[in-house]
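One-letter residues, chain by chain:
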Amino acid sequence: MSKDSWAVAVDVQEATTPSIQKLDFSKKVERVCGPRNIRGDINGNVVPDKDKDGGPRGDGESVDQAEQSLLNKLIRRSLVKNRNQVEVLQRDPTSPLFSVKTFEELRLKPELLKGVYNMGFNRPSKIQEHALPMILAQPPQNLIAQSQSGTGKTAAFSLAMLSHVNTDNKWTQCLCIAPTYELALQTGQVIEQMGTFCPDVKLAYAIRGNRMERGIKLQQQIVIGTPGTVLDWCTKYKLIDPKKITMFVLDEADVMISTQGHRDQSIRIHRQLTKECQMLLFSATFEDSVWKFAEQVVPDPNIIKLKREEETLDTIKQFYVVCKEEEDKFTSLCNLYGSLTIAQAMIFCRTRVMASWLASNLIKERHQVALLSGEMTVEQRAAVIERFKNGQEKVLVTTNVCSRGIDVEQVSLVVNFDLPVDMDGNADNETYLHRIGRTGRFGKRGFAVNMVDSKSSMDIIHQIEMHFNRKIIELDTNNVKEMERLTI
Ligand code: ADP
């Protein structure tokens, strides 16, 4: 297979893609669609928008679900910790409930098992323990699985597809759809890596930019792509015979249905499949809308759920600092940082303009600072987070953009330079918890400092105190002794 064709169809053994751990993902994208419009540089030196609030995503910076999902994938190195029990609802409650503790028990082809171990997986994750035997059982069973990002869903269905294909058959047997081009590529990389030792399994990417000749039939057993292109490949170009698909995987269902077009296209693809085709649906969240969609595309399912571990403020000491104005906030922050022994700190600002102002002022004070905000590409954000995780920068200044992407357990100080508020100006308790909360009772201790610069922000502190039923103590950052006493 020539190198140029890799974006179109990849031999999982030949694939020259870098390991999924690497972050030079944007280069690969260029191969297909040309250079992207990157603003700012990879070190986080971004150009703030001219308008005061930082443009359409300036205030509060709501992040696209698909982008968040991609960011999670790019920065995740290992499974997320989750001590909750997996809930399993079997379609036939009388059939025995299987779960596995080792990959050997799944009786995988040796070359696939080798690929799994080669990825550093020693044993199945919680969700995999239950999902894998169910997916691989005969006769095939449909499955709906929900668990937060990072719990091993992608690895589970990648393994399932690689195990499912019959390599003697030179046609597409497994079809997987993902909400975006980038997410499809990410999953494709997992399949490629896991299938390193499966020379006969071939993979094709049904993503924009892959122009295919009409009428030829694809020989790749696995196709991963976005709904629109997959639909075209099935109906318009007839590259795939949907009647020959025996495993259909719908990944990131919650993200998928947040785009109406994707939802409809997924249903149209689904309609062309046979009743015998095994349907698998994965989602990080499970609101009613996801559930309705899932029921529509996955008949008679087994259901597996793993609840997200609750975040708690139990191990966090919370403070507020009264400041008169922005400059004052900055001085307080410097006092605070200067007088405490802090491993790493994260500082949240409301707008990207404020974040870049703060970052540049901290840099002037000779702090090692990283800046993360919404106008950076996902790849740039991932690179900044990577550096912060590696300890290359001790302070991360950010808007809300990344608060869900970083494992805050390593961060000992979280500063709300601006308090989290909702659209109506009330306390955004969920965001507050997410910024400073830790999971589990044994989470590392940390402390949170809230900057209060007006009566309304003091009201917000009271709202937060009431909501969580936890006292937030006043801290005088001019009084080093008191700070040391309180924060020990
Ligand atoms: P999800 O799809 O739920 O977000 P992933 O399948 O992407 O989760 O897995 C999250 C991270 O954990 C990835 O870095 C992946 O390589 C790793 N991982 C997945 N399964 C295992 C396992 N059984 N053992 C160790 N690491 C795993």
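In the block above lies the structure referred to throughout.
Residues numbered from 1 in each chain as written. Predicted model: local features only at pLDDT ≥ 70, side-chain atom pairs only at ≥ 80, totals over all residues. Heavy atoms only, no water.

## Considering the side chain of glutamine 272
Our working rule: Segments assigned H or I by DSSP are reported as helices when at least four residues long, segments assigned E as strands when at least two residues long, and all are numbered from the N terminus. For this analysis, residues touch if any pair of their heavy atoms sits within 4.5 Å.
Summarising the element assignment, glutamine 272 is placed in helix 9 (residues 260-272). Apart from residues no more than four positions distant in its own chain, glutamine 272 is found in contact with Leu231, Cys234, Thr235, Pro242 and Lys243.

## Points about empty space enclosed by the protein
What counts here: A pocket, in this scheme, is an open set of points on a 1 Å grid over the protein atoms alone with protein on both sides within 12 Å along at least 5 of 7 lines, while a cavity is a set where a 1.4 Å probe fits but cannot get out; residues line either one if an atom lies within 4 Å of a point. Grid points are joined across faces, edges and corners, and a volume is the space filled by probe spheres set on the points. Residues were grouped as follows: Ala, Val, Leu, Ile, Met, Phe, Trp, Tyr, Cys and Pro as nonpolar; Asp, Glu, Lys and Arg as charged; and all remaining residues, including Gly, as polar.
Here the structure, examined in full by the defined rule, presents one cavity of 30 Å³ or more. Taken as a whole, the largest cavity encloses approximately 50 Å³ of empty space. Together, Leu333, Cys334, Tyr337, Ala345, Ile347, Leu362, His367 and Val395 line the largest cavity. Contributions of two or more residues to the lining of the largest cavity are made by helix 11 (326-339) and strand 12 (345-348). No other element matches helix 11, which puts three residues into the lining of the largest cavity. Split by residue class, the lining of the largest cavity holds seven nonpolar, one polar and no charged.

## Examining the layout of surface pockets
There is about 440 Å³ of room inside the second largest pocket. Glu326, Lys329, Arg350, Met354 and Asp418 are the residues nearest the centre of the second largest pocket, which is lined by 20 residues in total.

## Some details on helix 2 (residues 65-75)
Each α-helix winds once per 3.6 residues, and so residues spaced three or four apart point in a common direction. Convention followed: Remark: exposure states derive from per-residue accessible area (1.4 Å probe, protein chains only) relative to the maximum for the residue type, with buried under 20%, exposed over 50%, and partly exposed in between.
Burial within helix 2 is extensive, with eight of its 11 residues counted as buried. Inspection of helix 2 places Ala66, Gln68, Ser69, Leu70, Leu71, Asn72, Leu74 and Ile75 among the buried residues, and these make up the whole buried set.

## Looking at the site of the ligand
Keep this limit in mind: Throughout this document, a residue counts as near a molecule or strand when at least one of its heavy atoms sits within 4 Å of that molecule or strand. What qualifies as a polar contact is a pair of N or O atoms within 3.5 Å, subject to a donor-acceptor requirement within protein and to the restriction that residues adjacent in sequence count only when both atoms come from side chains. Computed with a 1.4 Å probe, the accessible areas rest on the Shrake-Rupley method; for each residue, only the protein chains presented here act as cover.
Not every one of the 19 residues close to the ligand is listed here, only the nearest: Arg123, Gly150, Lys153, Thr154 and Ala155. In this structure, a nitrogen atom belonging to the ligand sits 2.8 Å away from a main-chain N or O atom of arginine 123. Glycine 150 is positioned such that a nitrogen or oxygen atom in its backbone is 2.7 Å from an oxygen atom of the ligand. Computed on the free molecule, the ligand has an accessible area of 560 Å², of which 86% lies beneath the protein chains in the complex. A per-element tally of the shell around the ligand places helix 5 (residues 153-164) first, with three residues.

## Here we look at the nonpolar core
The criterion, for reference: As used here, the term nonpolar core means buried Ala, Val, Leu, Ile, Met, Phe, Trp, Tyr and Cys residues forming a set that is joined through side-chain atoms within 4.5 Å.
If you look at the biggest cluster of nonpolar residues, it comprises 82 residues, and the most contacted ones within it are Leu143, Leu159, Met161 and Ile222. Grouped together as the second largest cluster of nonpolar side chains are 33 residues, Ile257, Leu273, Leu281 and Ile303 included.

## Here's the deal with the side chain of glutamine 146
Position of glutamine 146 among the secondary structure elements: in strand 3 (residues 143-147). Residue classification places glutamine 146 among the buried positions, given a relative accessible area of 13%.

## Digging into the pairing of strand 8 (residues 278-283)
Worth spelling out the cut-off: Strands are treated as partners if at least two bridges between them are detected by DSSP.
Counting buried residues in strand 8 gives six out of six residues, a clear majority hidden from the surface. Side-chain alternation along strand 8 places Gln278, Leu280 and Phe282 on one buried face and Met279, Leu281 and Ser283 on a second face that is also buried. In the sheet, strand 3 pairs with strand 8 via four bridges, with the strands oriented parallel. Its bridge partner lying in strand 8, glutamine 146 is registered against serine 283. As paired strands, strand 7 (residues 247-250) and strand 8 are joined by four bridges and run parallel to one another. Residue pairing in the sheet places phenylalanine 248 in a bridge with methionine 279 of strand 8.

## Details of the pairing of strand 11 (residues 316-322)
Among the seven residues of strand 11, five are classified as buried, and the element is accordingly described as predominantly covered. Sheet topology note: the strand 11/strand 18 (residues 473-474) ladder contains two bridges and is parallel. Residue pairing for strand 18: phenylalanine 319 is matched across the bridge by isoleucine 473.

## Concerning the environment of alanine 155
Locating alanine 155 in the fold gives a position in helix 5. Excluding residues that lie within four positions of it along the chain, alanine 155 makes contacts with Phe121, Gln128, Val190 and Met194.

## Digging into the packing of helix 2 against helix 6 (residues 181-194)
Which entries qualify depends on this criterion: Axes here refer to lines fitted to C-alpha atoms; in helices the fit is confined to the stretch in contact. Angles between the N-to-C directions go from 0 to 180 degrees. Angles below 35 degrees are treated as roughly parallel, those above 145 as roughly antiparallel, those between 65 and 115 as roughly perpendicular, and all remaining angles as oblique. Each crossing gets its hand from how the near helix is turned against the far one by less than a right angle, where anticlockwise is left-handed and clockwise is right-handed.
Close contact between helix 2 and helix 6 brings their axes to 9 Å; oriented N to C, the two are set at 25°. If you check the angle between helix 2 and helix 6, you find them roughly parallel. Judged by the sense of rotation from one axis to the other, the crossing of helix 2 with helix 6 is left-handed. From helix 2, Ala66, Ser69, Leu70, Lys73 and Leu74 reach across to helix 6, where they touch Glu182, Leu183 and Gln186. Each residue belonging to the contact of helix 2 with helix 6 can be placed in one class, and the counts come to four nonpolar, two polar and two charged.

## So, unusual backbone geometry
The peptide bond linking glutamine 138 to proline 139 adopts the cis configuration, its omega dihedral lying at -10°. Inspection of the secondary structure puts proline 139 in the loop between helix 4 (126-136) and strand 3.

## Looking at the pattern of salt bridges
Short version of the rule: For salt bridges, the criterion is a side-chain nitrogen of Lys or Arg within 4 Å of an Asp or Glu carboxyl oxygen.
Scanning the entire structure with this criterion turns up 13 salt bridges. Here arginine 83 and glutamate 309 are joined by a salt bridge, their closest N and O atoms 2.9 Å apart. Here arginine 83 is found in the loop between helix 2 and strand 2 (86-89), whereas its partner glutamate 309 is found in the loop between strand 9 (302-306) and strand 10 (311-312), with 226 residues between them in sequence. You can call arginine 83 partly exposed: its relative accessible area is 45%. Residue classification places glutamate 309 among the buried positions, given a relative accessible area of 8%. Of the charged contacts, one joins lysine 455 and aspartate 459 as a salt bridge, the two residues approaching to 3.3 Å between their closest N and O atoms. Residue lysine 455 and its partner aspartate 459 are located together in helix 15 (residues 455-468), separated by four residues, close to a single helical turn. Connected through shared salt-bridge partners, Lys329, Asp418 and Asp453 make up one network.

## Details of the sheet that holds strand 13 (residues 369-372)
Taken in spatial order, the seven strands make up an open sheet running 13-14-12-15-17-11-18, and their pairing is parallel. The sheet terminates laterally at strand 13 and strand 18, the two strands that pair on one side only. Lying on the sheet, helix 12 (residues 352-364) is in contact with strand 12, strand 13 and strand 14 (395-398); it crosses strand 13 at an angle near 170°. Each of strand 11 and strand 17 (446-452) is contacted by helix 15, which is oriented at about 145° to strand 17, the strand it contacts most.

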